[in-house]
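This is what each chain is made of:
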Amino acid sequence: MAYKVGRCLLRDQLKTKGMTQQDLALKLDITVQQVNKYVTDRQRMSIQVAKNISEILGCHMEDLYEWIEAGTNN
């Protein structure tokens, strides 16, 4: 079974945790504009960024993106 990355779920995770993009940017020491690129799917997070965000939000890295079943031939 293979999966491909779907849309970013960071906006949902932030809402669930009661955090803003600004809050997350401060904790990561990056710009709000960079966080917004992740939230709006203009840029994918590196695995390092995803790990740091998941630690801050108390979720799994896999919870930051939608995962779409792609089958075994893709």
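Attention in this report is confined to the structure presented alongside it.

Cut-offs used in this document
- Residues numbered from 1 in each chain as written.
- Predicted model: local features only at pLDDT ≥ 70, side-chain atom pairs only at ≥ 80, totals over all residues.
- Heavy atoms only, no water.
- Axes fitted to C-alpha atoms, helices over the stretch in contact; angles between N-to-C directions.
- Helix = DSSP H or I, 4+ residues; strand = E, 2+ residues; numbered from the N terminus.
- Parallel < 35°, antiparallel > 145°, perpendicular 65-115°, else oblique.
- Contact = heavy atoms within 4.5 Å.
- Nonpolar A, V, L, I, M, F, W, Y, C, P; charged D, E, K, R; others polar.
- Polar contact = N/O pair within 3.5 Å; in protein donor to acceptor, adjacent residues only side chain to side chain.
- Buried < 20%, exposed > 50% of the residue type's maximum accessible area, 1.4 Å probe, protein only.
- Patch = residues over 30% accessible without salt bridge, like charges linked within 9 Å, V, L, I, M, F, W, Y side chains within 5 Å.
- Areas by Shrake-Rupley, 256 points an atom, 1.4 Å probe, with all protein chains shown as cover.
- Salt bridge = Lys/Arg side-chain N within 4 Å of Asp/Glu carboxyl O.

Looking now at the packing of helix 1 (residues 10–17) against helix 3 (residues 32–39). At a minimum axis distance of 8 Å, the contact between helix 1 and helix 3 shows a crossing angle of 115°. The orientation of helix 1 with respect to helix 3, classified from their angle, is roughly perpendicular. Each of L10, R11 and L14 in helix 1 lies in contact with helix 3, whose residues at this interface are V35, Y38 and V39. Partitioned by chemical class, the residues of the contact of helix 1 with helix 3 number five nonpolar, no polar and one charged.

With that out of the way, let us pick up the side chain of Q21. Note on placement: Q21 falls in helix 2 (residues 21–28). Polar contacts involving the side chain of Q21 include one to the side chain of N36, which spans 3.1 Å. For Q21, the residues in contact, after removing those within four places along its chain, are L14, V32, V35, N36 and V39.

Before going further, it helps to examine the environment of Q22. Mapped onto the elements, Q22 comes out in helix 2. By relative accessible area, Q22 is classed as partly exposed at 40%. Spatially, the C-alpha atoms of Q22 and L64 are 17 Å apart, while their sequence positions differ by 42 residues.

Let's shift gears to a nonpolar patch on the surface. Together, M1, Y3 and W67 line one region of the surface with nonpolar side chains, adding up to about 390 Å² of accessible area. Turning to its location among the elements, W67 is positioned in strand 2 (residues 65–69).

Any functional reading would require information that these geometric values do not contain.
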